[in-house]
Amino acid sequence: MKILKLKQDHINKYTMKNKFLIFIIMLISTGSFSQERIINADTSKITKHSTIILDKKVNYSAQIGTQPIWDVEGQVIATLHYTYYKRTDINDDSNRPLIFSFNGGPGSASIWMHMGYTGPYSLIIDDEGYPIQPYGYKTNPYSILDVADIVFVNPINIGYSRILKKMSKEEATDKFFGVNQDAKYLAEWMSTFVSRTERWKSPKYLVGESYGGVRVMALASELQQNQWMYLNGVVLVSPADYELRYESGGIILPVVDFPYFTATAWYHNKLNDILQSSSLEDIIKISEDFAYNELLPALAKGGYLNETKKTELASKIASLTGIDNQEVIDNNLKISTGLFWKELLRDEGFTIGRLDSRYKGIDSKDAGMYPEYPQELSSWDHAFTPAINSYINEVLKFKTDVKYNTWARGDLSVRPWNSDNLRVRANFREAIAENPFLNVLIQSGYYDGATTFSAAKYTIQQVDPSGKLNERFTFKGYESGHMMYLRREDLKNSNQDLRDFILKTITKNKPAKY
């Protein structure tokens, strides 16, 4: 019996030991595979690189990471993901430009200009910007990194940027999700970044695409007024204008978009032989003259426009847009962009793209007033998302389980976006007037139907009604769409225009005075 008891005790101890080992293994496994997927609030990874830009070697560092956002009590409430490219083969960077680059949405990552436009790498796509497989990236021989250092910034909930403090959607909106809120927290973040990287002496520039145009116009004022940071340049790439949508009871928008209709109809060979034989530049001038000098007064008269004049104008509109004459009359001379995208190639069984009207789509039915899907955006998502995820992992060597958000959607949506108390244009004008160094470059694609080149021109015309600051604005147009840089010829031209603008606006000991 004593022997049996000893054996039983040995078995019990062995069993308890095994159970303990199993428990330890389970704890280790749980720690390894059930970690919370949260981005570090303050981290960075620096790698060294070399590339060829305009046939010359450029050495640079790439710093990818996150930098916190603090509340007024100094507590971390969020973090922003950035990628910072700095040229390393120069001795003195005190007069070397520093560019902050933003995309739009709101709720769109910096992926587009990062991997498509100014960064040291760009997408593998065809010469017109269409995706090809296998997806990937290649060096960008036109990048502006030869003349300026670049910071690509992802606002809240895009890229790896996240809110870290628990808060309601209403609290998040009050803090981050609005025109004025966005400018305020980003300006504070930028000030910290400039201090950390010791770049206060550098000439500074903002580049904003789409809603990013609204963002950087608002930031120009916010930076000067509350961070005491003065800029040398603001670049508006296919800029949006939130104030335009609220103007003049819907009369202005069909007028300012009209030259886009003509340019796109010309591209698709939908104009008459005489107009079709004209150059794009000439046809735009004809369309602008008609829009402002004939269409605008007619729309202002509304229902009091006499029928003879209405019929005459409908014929001109049809000839300049490729839209059927009766369709123009039925819509009281107002052609909406949605109708235009659906109608222009309806007889061929196609729709055209919103962001780039060179692209064609196929709807389930030809009837309707708006395309069923954004064919150009679907095409772009093909190429960009695989490229940025591969690039961050393979080239920048940044590792995280946190998802890279190309768009802020679902629980991380930044909508609704607060547009109260809009004074973007007025504040931007004030920032330009206060700062003799500040100049503006506008870059637009002629076939962009979302933020049209003609609307961009109108926005700038309204920024300074006095006309006294006209010489501070430069407009450049390209024969492509919203992301003009996807077309290889325009990638080269737009980067060169940006490079020329930067070099022209570095003041080199010139005093800031009128």
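Keep in mind that this is a model prediction, so the values were computed, not measured.

Student: In this structure, what is going on with the overall build of the protein? I would like to understand it.
Tutor: When helices and strands are counted, the protein shows 16 helices and 14 strands. Looking at the 514 residues of the protein, the share that counts as buried comes to 54%. Taking contacts inside the protein between residues at least 6 apart in sequence as the whole, the part at least 24 apart equals 73%. Accessible surface for the protein amounts to roughly 24000 Å². Of this, 51% is attributable to carbon and sulfur atoms. Positive and negative charge centroids in the protein, built from 60 and 60 side chains respectively, lie 10 Å apart.

Student: Just to check I follow, could you spell out the packing of aromatic side chains for this structure?
Tutor: One pair of aromatic rings is described through two measures. These are the centre distance and the angle between the planes. Applying the stated criterion across every chain yields a total of 31 aromatic pairs. Centroid distance Tyr60 to Tyr85: 6.0 Å. Interplanar angle 65°. Geometry classified as edge-to-face. Pair noted here: Tyr60 is in strand 2 (residues 56-70) and Tyr85 is in strand 3 (residues 76-87), with a separation of 25 residues, a long-range link. Note on accessibility: Tyr60 and Tyr85 belong to one class, buried.

Student: Looking at this model, I keep getting lost on the layout of surface pockets. Mind explaining?
Tutor: With a probe scaled to a water molecule rolled over the atoms, the places where space remains empty come into view. In this model, the largest pocket occupies a volume close to 1000 Å³. Lining the largest pocket are 46 residues, and of these Ser210, Ala240, Arg354, Ala450 and Thr451 lie nearest its centre. Residue assignment for the lining of the largest pocket shows that the elements contributing at least two residues are helix 6 (252-256), helix 12 (337-343), helix 13 (375-394) and helix 15 (453-463). Among the elements that take part in the lining of the largest pocket, helix 15 stands out by supplying three residues, more than any other.

Student: Explanation requested: helix 16 (residues 488-505) in the structure shown.
Tutor: One full turn of an α-helix is made of 3.6 residues, so residues set three or four places apart face in the same direction. Under the 1.5 Å per step criterion, the end-to-end length of helix 16 is 26 Å for 18 residues, consistent within 8% with the ideal 26 Å. Among the residues of helix 16, those classed as buried are Asp490, Leu491, Ser494, Asn495, Asp497, Leu498, Arg499, Phe501, Ile502 and Thr505.

Student: Sorry, what's going on with the pairing of strand 3 here?
Tutor: Look at any regular strand and the pattern is simple: side chains alternate between the two faces of the sheet. When you tally the buried positions in strand 3, you get 10 out of 12 residues, the bulk of the element. The hairpin turn running from strand 2 into strand 3, its antiparallel successor, is five residues long, and Gly74 in that turn takes a positive phi close to 85°. The sheet contact formed by strand 3 and strand 8 (residues 162-163) spans two bridges and is antiparallel. Residue pairing across strands places Ala78 opposite Ile163, the latter belonging to strand 8. Bridge count for strand 3 against strand 7 (residues 149-154) is five bridges, and the pairing is antiparallel. Among the inter-strand pairings, Tyr85 is bridged to a residue of strand 7, identified as Ile150.

Student: For this particular structure, what's the right way to read the pattern of salt bridges?
Tutor: For side chains bearing opposite charge, pairing can occur when the charged atoms are close. This structure, assessed with the given rule, holds 23 salt bridges. Residue Lys270 is joined to Asp347 by a salt bridge in which the shortest nitrogen-to-oxygen separation is 3.4 Å. Highlighted residues: Lys270 in the loop between helix 7 (258-267) and helix 8 (273-276) and Asp347 in the loop between helix 12 and strand 11 (351-352), separated in sequence by 77 residues. Residue classification places Asp347 among the exposed residues on the basis of a relative accessible area of 62%. Glu343 serves as the salt-bridge partner of Arg346, at 2.7 Å between the closest nitrogen and oxygen.

Student: Where do I start with the side chain of Thr451 in this structure?
Tutor: Assignment of secondary structure puts Thr451 in the loop between strand 13 (439-445) and helix 15. Among the polar contacts made by the side chain of Thr451, one reaches the main-chain carbonyl oxygen of Ser238 at a distance of 2.9 Å. Among the polar contacts made by the side chain of Thr451, one reaches the side chain of His482 at a distance of 3.1 Å. Those residues within four positions of Thr451 in sequence are excluded, and the remaining contacts are Ser210, Ser238, Pro239, Ala240 and His482.

Student: Explain a nonpolar patch on the surface to me, please; I cannot follow it from the model alone.
Tutor: A grouping of Ile38, Trp70, Val76 and Leu164 is seen on the molecular surface, where their side chains present a nonpolar patch of about 330 Å² in accessible area. Structurally, Val76 can be placed in strand 3.

Student: Before we go on, may I ask you to explain the side chain of Thr505 in this structure?
Tutor: Here Thr505 shows up in helix 16. The class of Thr505 is buried, set by a relative accessible area of 6%. Ignoring any residue separated from it by four or fewer positions in sequence, one finds Thr505 in contact with Tyr205, Asn232 and Asn439.

Student: Would you take a moment to explain unusual backbone geometry for this structure?
Tutor: Working note: non-glycine residues mostly have negative phi, and peptide bonds are mostly trans. A cis amide bond links Gln133 to the next residue, Pro134, at an omega of 0°. Along the chain, Pro134 falls in the loop between strand 5 (121-123) and strand 6 (137-139). A cis geometry characterises the amide bond from Arg415 onward to Pro416, with omega recorded as 0°. The backbone of Trp228 sits at a positive phi, close to 55°, despite the residue not being glycine. Position of Trp228 relative to the elements: it lies in the loop between helix 5 (211-227) and strand 10 (233-237). Accessibility expressed as a relative area gives 62% for Trp228, which makes it exposed. Phi is positive for Asn269, which is not a glycine, with a value near 55°. Inspection of the secondary structure assignment puts Asn269 in the loop between helix 7 and helix 8.

Cut-offs and rules
- Residues numbered from 1 in each chain as written.
- Predicted model: local features only at pLDDT ≥ 70, side-chain atom pairs only at ≥ 80, totals over all residues.
- Heavy atoms only, no water.
- Helix = DSSP H or I, 4+ residues; strand = E, 2+ residues; numbered from the N terminus.
- Buried < 20%, exposed > 50% of the residue type's maximum accessible area, 1.4 Å probe, protein only.
- Contact = heavy atoms within 4.5 Å.
- Areas by Shrake-Rupley, 256 points an atom, 1.4 Å probe, with all protein chains shown as cover.
- Lys, Arg positive; Asp, Glu negative; His and termini not counted.
- Charge placed at Lys NZ, Arg CZ, Asp CG, Glu CD.
- Phe/Tyr/Trp six-rings, centres within 6.5 Å; stacked < 30°, edge-to-face > 60°.
- 1 Å grid on protein atoms, 1.4 Å probe; cavity = no way out; pocket = protein on both sides within 12 Å on 5 of 7 lines; lining within 4 Å.
- Points joined across faces, edges and corners; volume = space filled by probe spheres on them.
- Expected span 1.5 Å × (residues − 1).
- Pairing = 2+ DSSP bridges.
- Salt bridge = Lys/Arg side-chain N within 4 Å of Asp/Glu carboxyl O.
- Polar contact = N/O pair within 3.5 Å; in protein donor to acceptor, adjacent residues only side chain to side chain.
- Patch = residues over 30% accessible without salt bridge, like charges linked within 9 Å, V, L, I, M, F, W, Y side chains within 5 Å.

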